[in-house]
Structures are given as structure tokens and as C-alpha cells.
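Structural characterization, general
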Amino acid sequence: ASSRVYCLSALAVSRDESTLYAVNPALGFIHCGSLRTGSVDRSKKVNVTRCDYGVLATTVRTFFPVAEAKRYIRGGAALTADGRTLLAAGTMGIAVIDTATLASRATWATDSTFDSFALSPDGARLYGISDQLGKIRVLRVTDGALLGALKPAAYPTAVVRIHPAAAPN
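Within every chain, residues take consecutive numbers counted from 1 along the sequence as written. Totals for whole chains, interfaces and linings use every residue, but because this is a predicted model, local features are given only for residues with pLDDT of at least 70 and side-chain atom pairs only at 80 or more, for both listing and counting. Values shown for side chains rest on all heavy atoms present in the structure; no hydrogens or waters enter the calculation.

1. Points about unusual backbone geometry
For the record, the criterion: Secondary structure is summarised from DSSP: a helix means a run of H or I of at least four residues, a strand means a run of E of at least two, and numbering begins at the N terminus for each.
The backbone of Glu 17 sits at a positive phi, close to 60 degrees, despite the residue not being glycine. Topologically, Glu 17 is positioned in the loop between strand E1 (10–13) and strand E2 (19–24). Despite not being glycine, Leu 102 has its phi angle at roughly 60 degrees, a positive value. Take Leu 102: it is sitting in the loop between strand E7 (94–98) and strand E8 (104–108).

2. Considering the environment of Leu 133
Stated precisely, the cut-off is as follows: Under the scheme applied here, a residue whose accessible area is under 20% of the maximum for its type counts as buried, over 50% as exposed, and between as partly exposed, the area being computed with a 1.4 Å probe on protein chains only. Residue contacts follow a heavy-atom distance rule, with two residues in contact if any of their heavy atoms lie within 4.5 Å.
Checked against the element boundaries, Leu 133 lands in the loop between strand E10 (125–130) and strand E11 (135–140). Residue classification places Leu 133 among the partly exposed positions, given a relative accessible area of 36%. In this structure, the C-alpha to C-alpha distance between Leu 133 and Thr 113, residues 20 residues apart in sequence, is 8.2 Å. Excluding residues that lie within four positions of it along the chain, Leu 133 makes contacts with Ser 112 and Lys 151.

Quick look at the structure:
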């Protein structure tokens with residue numbers, strides 16, 4: 001594994017501010033802890049969302065290492081409004097994790113990288129900044145379907161606030 005996957009850790013806090021989730025889908029782990037007691041209550045492996053370069057590319061990289069830019073996640077995890085699902089940025093795509101069991105449910109948008117997330121005020125849409133594409137992709141939270149993409153005039157570093165009327169058509 002490349003050293004760049006260590007920079008992909010993200011944190012999410014439950015609405016009642018009692019539980020902290022620490023996740024890194026690139027390495028394949030999630031930890032869940034109590035903010036009240038400061039203890040880690042549960043840990044589990046999750047599906048790894050690393051990029052698969054294939055046999056030929058991996059062999060070439062062994063003899064001719066490629067310097068890749070490091071990605072630092074800024075807000076790379078979000079809890080759904082009901083608190084049942086954690087969405088987290090991996091090397092490629094978005095890991096979908098059940099918070100009750102800490103089990104992987106799916107991986108969405110596996111064709112892109114994401115570096116920051118924000119949920120719409122109604123919790124129905126996930127806005128994810130893709131540095132790779134230079135766009136903000138909008139996904140439906142129930143199934144990960146792509147609803148649209150926004151191409152800002154300048155490079156977006158974070159989604160700070162989403163106006164309720166900003167839903168893509």
C-alpha cells in the first residue's frame with residue numbers, strides 16, 4: 001500500500017455529539033468511540049476502496065516508482081440525517097458503512113476521488129468535491145445515484161453550506 005492512503009482518515013460526530021467515528025476506507029478500518037468516556041467501543045474492518053492499477057501497472061511501478069500527489073481529506077466523512085449510515089471518502093469512491101454494525105454496505109461513485117463532503121439540509125443529497133474532476137458531484141443518499149455535477153468557476157476547497165433551493169434538476 002502506498003503511504004498516501006494514510007492521509008485519508010476522516011472523522012464524523014453523531015448529531016447528539018456522543019459518538020465519534022474514525023474511518024479510513026483506503027486502509028480498510030473504522031473505529032467507533034464514546035466522546036463522553038473517551039473510549040473506543042468498537043473497531044471493524046471495512047471494504048477497502050483502493051485504486052486497482054492492474055498487474056502490468058503494478059509491475060511497472062515496482063521497477064519505476066511513480067510519485068503521486070498526496071491527498072489530504074477535508075471533511076471526508078458524513079453521517080446521514082438518521083445516523084444510520086456513514087459515508088466516507090476512500091482512494092476511489094465513497095464507502096457506505098452501516099453505523100449499527102460497522103459493516104460495509106456498498107461503494108458508490110467508484111470512478112472518482114472525493115476530498116470533502118456535505119449533506120443537503122434535508123439530508124437527501126450528498127455534495128462531494130472531486131479534486132480529480134474539479135467538480136462538485138451531487139449524489140442521492142438513498143442509493144448513491146448521480147444527480148448532477150457543479151463546475152465552479154474557481155477551485156472548490158470545501159462545501160460550507162448548501163441552500164435548500166440548490167437541488168439539481
